[in-house]
Amino acid sequence: MHLDLSELSQLAPIFRELFKGYHVSRRDPELYAQLSNCQDQYRTLFKALGFELVCDTRGFYYFVPDLAAAAVNKTAQRLALFTFILVEHLADQGRDPIAVLDGGSLGRDELPSLLEKYRDLFLQAEVQTQEELEEKIMRRMTQLGFASEDNGVYRFLPPMHRFLDVCLSVQQDRDLAASLHSVLPLPAPVLIDEDSDEKLLQTDDPLDLSEFEGESEEDALARAVAEEQETDA
């Protein structure tokens, strides 16, 4: 496929966001529209650079993770643990977990009771106070495109389906409705110590960025693209 880079007007910001683990959804209208309109071109380009672009039919894009790296990524594990906790908490309240996590919302005022109720589980994630819960979990969810925050209300975005899928897959041998309203606690992932949690569900950096030291992300990407085109020539 011939790539006309002039058509990929949002290449730099799209690459920057996807590379750091962000999930591009309709909440990002310019980036999402460009990815949707030039999906094949972006997929081809990123594949040449060592990245696999995933388009989830539920309305979001992300770079496919390296499973081994994701297994020990502390940020990913914290968000997965929070999803398990939230599903059980909502079910206990008689609220539909799927409806809330699929475009619904959670108030900041609900966090203290949530933290108190599941304190032992939150300790696994090194979360002991509401401030740590907001900093290590809620803020990361908004930074990575899983939720948005407005005046103390967290609204969940389509990428939350990635964690919902994990949550529901654990329950695949049970009836879904029964499992979400069971008195048994949902199994929670055990956290593994990991020094670095900068990137969520990200690859092992298949693009060698060491040679781009000192350059901006945009310059590094432009240089990699130019070298790839020289190789194809």
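Residues numbered from 1 in each chain as written. Predicted model: local features only at pLDDT ≥ 70, side-chain atom pairs only at ≥ 80, totals over all residues. Heavy atoms only, no water.

- In the annotation of an unreviewed UniProt entry, the protein chain is listed under the name Chromosome partitioning protein and assigned to Pseudomonas marvdashtae.

### Describing the pairing of strand 2 (residues 53–56)
Next, step 1: Sheet topology places strand 2 next to strand 3 (residues 60–63); four bridges connect them, and they run antiparallel. Looking at strand 3, one finds that Val54 is bridged to Tyr62. (Pairing = 2+ DSSP bridges. Helix = DSSP H or I, 4+ residues; strand = E, 2+ residues; numbered from the N terminus.)

### A few points about the environment of Arg155
Next, step 1: Mapping Arg155 onto the fold places it in strand 6 (residues 153–156).
Next, step 2: Between the C-alpha atom of Arg155 and that of Gly103, which follows or precedes it by 52 residues, the distance is 6.4 Å.
Next, step 3: Residues within four places of Arg155 in sequence aside, it is in contact with Gly103, Gly104, Ser105, Ala147 and Ser148.
Next, step 4: For Arg155, the side chain forms a polar contact with the main-chain oxygen of Gly103, separated by 2.9 Å. (Contact = heavy atoms within 4.5 Å. Polar contact = N/O pair within 3.5 Å; in protein donor to acceptor, adjacent residues only side chain to side chain.)

### As for the sheet that holds strand 6
Next, step 1: As summarised here, the arrangement of the three strands in space is 4-6-5, forming an open sheet in which the pairing is antiparallel. Each of the sheet's edge strands pairs with one partner strand only, and the pair in question is strand 4 (105–107) and strand 5 (147–150). In this sheet, adjacent strand axes meet at a mean angle of 20° when their direction is disregarded.
Next, step 2: With three bridges joining them, strand 4 and strand 6 adopt antiparallel strand pairing. In the strand pairing of strand 6, Ser105 is matched with Arg155. (Axes fitted to C-alpha atoms, helices over the stretch in contact; angles between N-to-C directions.)

### A few points about the packing of aromatic side chains
Next, step 1: The final tally for this structure, using the stated rule, is 11 aromatic pairs.
Next, step 2: Summarising the aromatic geometry, the rings of Phe60 and Tyr62 are spaced 6.0 Å apart at their centres and angled 25° between planes, so their arrangement reads as stacked. The same class applies to Phe60 and to Tyr62, which are both buried.
Next, step 3: Among the aromatic residues, those joined into a ring-pair cluster are Phe15, Phe19, Tyr42, Phe46, Phe51 and Phe63. (Phe/Tyr/Trp six-rings, centres within 6.5 Å; stacked < 30°, edge-to-face > 60°. Buried < 20%, exposed > 50% of the residue type's maximum accessible area, 1.4 Å probe, protein only.)

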